[in-house]
Each structure stands twice: as C-alpha cells, then as structure tokens.
Amino acid sequence: MNMEAFVLGCGGMMPLPYRHLTSVLLRRDGDLFLFDGGEGTQVSLRRLNLKWKKINAIFVSHTHADHVTGLPGILMLSAQVDRTEPLYIFGPPKIAEYIETSRKVLDMYINYPIVVNEIKAPCTVYGGDGFYIRAFPLDHTKTCVGYTLEELDRPGEFNPEEAIRLKVPRGPLWGKLQKGESVINSDGIEVKPEQVVGKARSGRKFSFVTDTMYLPSIAKEVQGSDFLICEGMFADDCEDQAKEKKHMTARQAATIARDANVKRMAMIHYSPRYTDRELDLLLKQAREVYPNAELSRDRMRVEIPYED
C-alpha cells in the first residue's frame, strides 16, 4: 500500500512568486487527505496532476488566513465534477463559520455533502481501514492543532512452506491461521498461528505540525514518525520574535525531530523574510541538532515506505 506526501506550499504569512502558502496533500492508496489549504493550493494540485477531485477529508490546523484562503476554491472546483461522496472538514473552533460564511458570501454552487466537524484536541478525528488520524493541541495566537496519521500494525508474514511442512492443506485453513486462529492439520494435530505467521509489523506514521511555539509535548505526539512536516519559520537570531508570535525556529523544529526519534523531517512555513537561497541558514541550524533535517519545497514529493 503506497503512501506519499506532496508539499503544495511551504510558505508562511504571505505568498511569494516562488512560494505558495502552507498546504500538504497525503495520498494513501486511494485516499487523499489535505492538511491546511493556503493560497496557491489549487495551482500546485494542477501542476502535480493530482486527483484533487477525490480528496476525502481536509484537516485544518487553525483559521489564520494563510492556512485557509485556498479552501473556497477547492470546494467550488469539487462541484464541477460528479461527486457524491461527502467531503469531511476538521478543524478547531471557527472553521465551521468560515466554511459556511464563504459558501453564502460567494454564493457557491455545491452539489455534494460537506461535513464540517469542529474538534477539541486531543482526540481521534478520522479513521479508515487500518489507520486513524489524531489531533493534538499546539500553542499559537489562536486555537491550533497538529495532526498525525498512524497505521495499525500489520499482520506478520505467512510462511506457506512451513504450513505445508506442518501438513496444513492449502485453502481455508491457511486463511484461519492468518487471522490468528489455530487449526487441525491432516494428522489431527493442532497448529497454532505463531508456528506459521511471523511477528506483527509496524505501520507508518505521518505528522503535520505548524504554527506553534516550541512545546516538549509535541515530540511525544509525533514520536517515531516516518515523516514529520514541522514548522521551522525563523533562524536563531529571531528566536525572541518567534516566541512573541508563538512560532518556532528551525533549531526548535530539529529538537522535536531529534527527541521524537523521527525517521525523516522536513521544515515548512518559512517566514517571507527568507529567500529560497537564504533558507540554507535555517537548514544549517536545524542540522546542528538533527543531521537529517530537510527543507520542504513547493511541489516536493516524499514517498513514505514501510520499514520492512
């Protein structure tokens, strides 16, 4: 089952000619999940030729303009195709008012169900076959949440050669063993699942954190992530400004990645004061703490593979 993340925009506060505002699309096989929808989201979706029409759910961190101004266009475009499935939208207080007001003021034609859920973190907000999405509290100038998508453990690998050796005939009995049930072989002897099925294998974890001051608790929430998208808005010399505005520095983002023992971390939501060339300063400071730190870029694609 494939999982990949697409950075649709990596900027904060205001769009730049070469940097759209924060938005990330996560694709897990046939499911599409959008995390925030800043200005320029549609442009990147088009340029990446992504099937935006099939977005299952949108997860909003908070209702500052640079994270939601791309949503009305997504809602209107989705009405231009034959869509019958509901579009779920999750976010903290005010997200329902923003969606409803936008629909009314813009006189949107919407021909599919939109289900808006205002959430109070921490909580599980969404689930599907073999995974769930959880929200957890951040600390910003207005109510803000982070999100993790975490897969359940996968069953261990079935060993057909061992099943044959233990005289379990191919067919329904193999299925029972894979479901964790003991069976009786052709000699009338019980065969237990652990004799032919390996240990459970861990699923994957994706985390999205933006617009918050540094909190040690964030590392606990994103612990062990296969891929963490984390705000790294400022360099060290702006740490006081970051604290005042309740944002993070690149070094603080790296501290979270290190403490959470994540496998991969890319920063996002850069201040417009930094040109793309100047982002190397953020990267340098982050790598002093977490050597594998990366810079996200608009339309960057990241595959999130299984560990084994």
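Residues numbered from 1 in each chain as written. Predicted model: local features only at pLDDT ≥ 70, side-chain atom pairs only at ≥ 80, totals over all residues. Heavy atoms only, no water.

### Observations concerning the nonpolar core
Okay, step 1: If you look at the biggest cluster of nonpolar residues, it comprises 65 residues, and the most contacted ones within it are Phe 59, Tyr 147, Phe 206 and Met 265.
Okay, step 2: Counting residues per element, this core draws most heavily on helix α9 (residues 250-260), which supplies six residues.
Okay, step 3: What Phe 59 contacts, discounting residues up to four positions off in sequence, is Phe 33, Leu 34, Phe 35, Asp 36, Phe 90, Val 125, Tyr 126, Ile 133 and Tyr 147.
Okay, step 4: Counting 24 residues, the second-largest nonpolar core is a separate cluster that includes Leu 45, Val 68, Leu 75 and Ile 89. (Core = buried A, V, L, I, M, F, W, Y, C linked by side-chain atoms within 4.5 Å. Buried < 20%, exposed > 50% of the residue type's maximum accessible area, 1.4 Å probe, protein only. Helix = DSSP H or I, 4+ residues; strand = E, 2+ residues; numbered from the N terminus. Contact = heavy atoms within 4.5 Å.)

### Observations regarding helix α3 (residues 71-78)
Okay, step 1: Burial of α3 is extensive: six of the eight residues sit out of reach of the surface.
Okay, step 2: For α3, the full list of buried residues reads Leu 71, Pro 72, Gly 73, Ile 74, Leu 75 and Ser 78.

### Re the packing of aromatic side chains
Aromatic ring pairs are defined here through the distance separating the ring centres and the angle between the ring planes.
Okay, step 1: Applying the stated criterion to the full structure yields 16 aromatic pairs.
Okay, step 2: Judged by centre distance (5.2 Å) and plane angle (10°), the ring pair of Phe 59 and Phe 90 falls under stacked. Of this pair, Phe 59 sits in strand β4 (residues 55-59) while Phe 90 sits in strand β5 (residues 87-91), placing them 31 residues apart in sequence.
Okay, step 3: Through a chain of ring-to-ring contacts, three or more aromatic side chains come together here, namely Phe 33, Phe 35, Phe 59, Tyr 88, Phe 90, Tyr 126, Phe 131, Tyr 147, Phe 206, Phe 208 and Phe 227.
Okay, step 4: In this arrangement the basic side chain of Arg 83 is found over the ring face of Tyr 112, its NZ or CZ atom lying 5.4 Å from the centre.
Okay, step 5: Here Arg 264 stacks its cationic end above the ring of Phe 227, 5.9 Å away from the centre of that ring. (Phe/Tyr/Trp six-rings, centres within 6.5 Å; stacked < 30°, edge-to-face > 60°. Lys NZ or Arg CZ within 6 Å of the ring centre and 35° of its normal.)

### Some words on the sheet that holds β5
Okay, step 1: Read from one edge of the open sheet, seven strands run β6-β5-β4-β3-β2-β1-β16, paired in mixed fashion. Strands at the two margins of the open sheet, each flanked by one partner only, are β6 (114-118) and β16 (300-303). The average undirected angle you get between the axes of adjacent strands in this sheet is 20°.
Okay, step 2: Taken together, the five bridges between strand β2 (residues 23-28) and strand β3 (residues 31-35) define a ladder with antiparallel strand orientation. In the strand pairing of β3, Leu 26 is matched with Phe 33.
Okay, step 3: Sitting on the sheet, helix α4 (residues 95-105) touches β5 and β6, and the angle it makes with β6 is about 150°. (Pairing = 2+ DSSP bridges. Axes fitted to C-alpha atoms, helices over the stretch in contact; angles between N-to-C directions.)

### Points about the sheet that holds strand β15 (residues 293-295)
Okay, step 1: With mixed pairing, seven strands are arranged side by side in an open sheet as β7-β8-β9-β12-β13-β14-β15. Bordering the open sheet on either side are β7 (123-128) and β15, each of which pairs with just one other strand. Neighbouring strand axes in the sheet, compared pairwise and without regard to direction, differ in orientation by 20° on average.
Okay, step 2: Inspection of the sheet shows strand β8 (residues 131-137) paired to strand β9 (residues 145-151) by seven bridges, in the antiparallel sense. Its bridge partner being in β9, Ile 133 is matched across the sheet by Leu 149.
Okay, step 3: Sitting on the sheet, helix α10 (residues 279-287) touches β14 (265-268) and β15, and the angle it makes with β15 is about 170°.

### A short note on a positive patch on the surface
Okay, step 1: Taken together, the side chains of Arg 46, Lys 51, Lys 53 and Lys 54 present a region of like positive charge at the surface.
Okay, step 2: Here Lys 54 is to be found in the loop between α1 (41-47) and β4.
Okay, step 3: A relative accessible area of 60% places Lys 54 in the exposed class. (Patch = residues over 30% accessible without salt bridge, like charges linked within 9 Å, V, L, I, M, F, W, Y side chains within 5 Å. Areas by Shrake-Rupley, 256 points an atom, 1.4 Å probe, with all protein chains shown as cover. Salt bridge = Lys/Arg side-chain N within 4 Å of Asp/Glu carboxyl O. Lys, Arg positive; Asp, Glu negative; His and termini not counted. Charge placed at Lys NZ, Arg CZ, Asp CG, Glu CD.)

### Points about a nonpolar patch on the surface
Okay, step 1: A grouping of Met 76, Val 105 and Leu 106 is seen on the molecular surface, where their side chains present a nonpolar patch of about 270 Å² in accessible area.
Okay, step 2: For Met 76, a relative accessible area of 31% puts it in the partly exposed group.

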